[in-house]
Amino acid sequence: MKSDKYGVPEIFEENVNGNLAYLYEDIQYVLKVPIVNFIFRTTALYEAFLKLAWSQVRPSMLTSNMENAASELRNPKLGVEMPTINWSNHYDQATIERIKKIIFTFNYVNSKLLIIASAWSESLSNRTIHGGNQIHGYIQPGILPSLPKINLIKIESAPKEVKGLLLDIAKTHHTYDVASDYRALGRYPEFLRRSWIHLKEFIGTDSYQLLSTQLKKQSIDLAHQMPFPVTINRSLLSQFYSRKEIAGIMGVISMFQQFLPPLIIDGEFFRMMLNGKRA
């Protein structure tokens, strides 16, 4: 568990065992990334929910239908000019490549996470994902080769400059916590600091907010195209949880459904920032 001083409670990978450890491994295996993302680390506080909710989206996330659906959300067109920064003045080539792979990892998975969050949100709102769409094929599960192990920095133990950056990111985004993406990039403070200066100017603009809204709406449409049903609802959860706990689960899912569209935008911004090209 993390410190109570900062952010949203979550269960980190190094703190799990038993059935939850197997579940974490399966999530990485199916989503093909070497990290259990924030949405799962927090919903793991409601382990029975996570086990059931994951079992309902898992079959669809192994289809090429959802692999292709996620690609529709990935790399949105930002329409902003990137400053030209010679990163080789700050990092050696091996470090630059590692930063690229970290950014790729989150950009690859965040669009999948948004579809999952939208599927759960819709089902919990009694807008069931009925499934039944034709399956176009299946993907090969397993973590994508060459992706690095993601090492997240924790706000409470971060160096002063990085802690300030992370807290400013949360303040600017009006969020309870800082996404894993930023906590991973916090290991490379010069990149994060320089990129954040420019990204911060973009956040809050009308075009940024419109794009975020569009991504959320599109993810809901794509969730309803899942080939397998997602039927989890309050009645089902009442077998495991009190009304108060169910309200907490619904609040967490709603939070991540709002949290993820800006992350997709920010991730594309970081990708283009590292490449120094127009987005």
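Each remark here, short or long, concerns the structure printed above.
Overview of the structure.

### Notes on the packing of aromatic side chains
And then number 1: By the definition in use, this model includes 16 aromatic pairs.
And then number 2: Residues Phe40 and Trp54 carry aromatic rings whose centres are separated by 5.8 Å and whose planes lie at 80° to one another, so their mutual orientation is edge-to-face. Of this pair, Phe40 sits in helix α2 (residues 38-43) while Trp54 sits in helix α3 (residues 47-61), and the two are 14 residues apart along the sequence. With respect to class, Phe40 is no different from Trp54; both count as buried.
And then number 3: A ring pair is formed by Phe240 and Tyr241, whose centres lie 6.4 Å apart and whose planes are at 55°; its orientation type is tilted.
And then number 4: When the ring centre of Phe12 is taken as reference, the NZ or CZ atom of Lys154 above it lies at 4.6 Å.
And then number 5: Directly above the aromatic system of Phe38 lies the positively charged group of Arg183, at a separation of 4.8 Å from the ring centroid.

### Things to note about helix α9 (residues 206-223)
And then number 1: In this model, α9 (18 residues) spans 26 Å end to end at C-alpha, consistent with the 26 Å of a helix rising 1.5 Å per residue.
And then number 2: The complete set of buried residues in α9 reads Tyr208, Leu211, Ser212, Leu215, Ser219, Ile220, Leu222 and Ala223.
And then number 3: Residues of α9 that are buried sit in contact with α4 (64-73), α5 (93-124), α6 (160-173), α8 (189-202) and α11 (243-275).

### With respect to the nonpolar core
And then number 1: In terms of nonpolar packing, the biggest core is built from 102 residues, with Leu31, Phe40, Phe49, Trp120, Tyr182 and Phe191 touching the most fellow members.
And then number 2: Ranked by residues supplied to this core, first place goes to α11 with 16 residues.
And then number 3: Those residues in contact with Phe40 that sit more than four places away from it in its chain are Tyr24, Ile27, Leu31, Leu50, Trp54, Leu113, Ile116 and Trp120.

Reading the values: the criteria
- Residues numbered from 1 in each chain as written.
- Predicted model: local features only at pLDDT ≥ 70, side-chain atom pairs only at ≥ 80, totals over all residues.
- Heavy atoms only, no water.
- Phe/Tyr/Trp six-rings, centres within 6.5 Å; stacked < 30°, edge-to-face > 60°.
- Helix = DSSP H or I, 4+ residues; strand = E, 2+ residues; numbered from the N terminus.
- Buried < 20%, exposed > 50% of the residue type's maximum accessible area, 1.4 Å probe, protein only.
- Lys NZ or Arg CZ within 6 Å of the ring centre and 35° of its normal.
- Expected span 1.5 Å × (residues − 1).
- Contact = heavy atoms within 4.5 Å.
- Core = buried A, V, L, I, M, F, W, Y, C linked by side-chain atoms within 4.5 Å.

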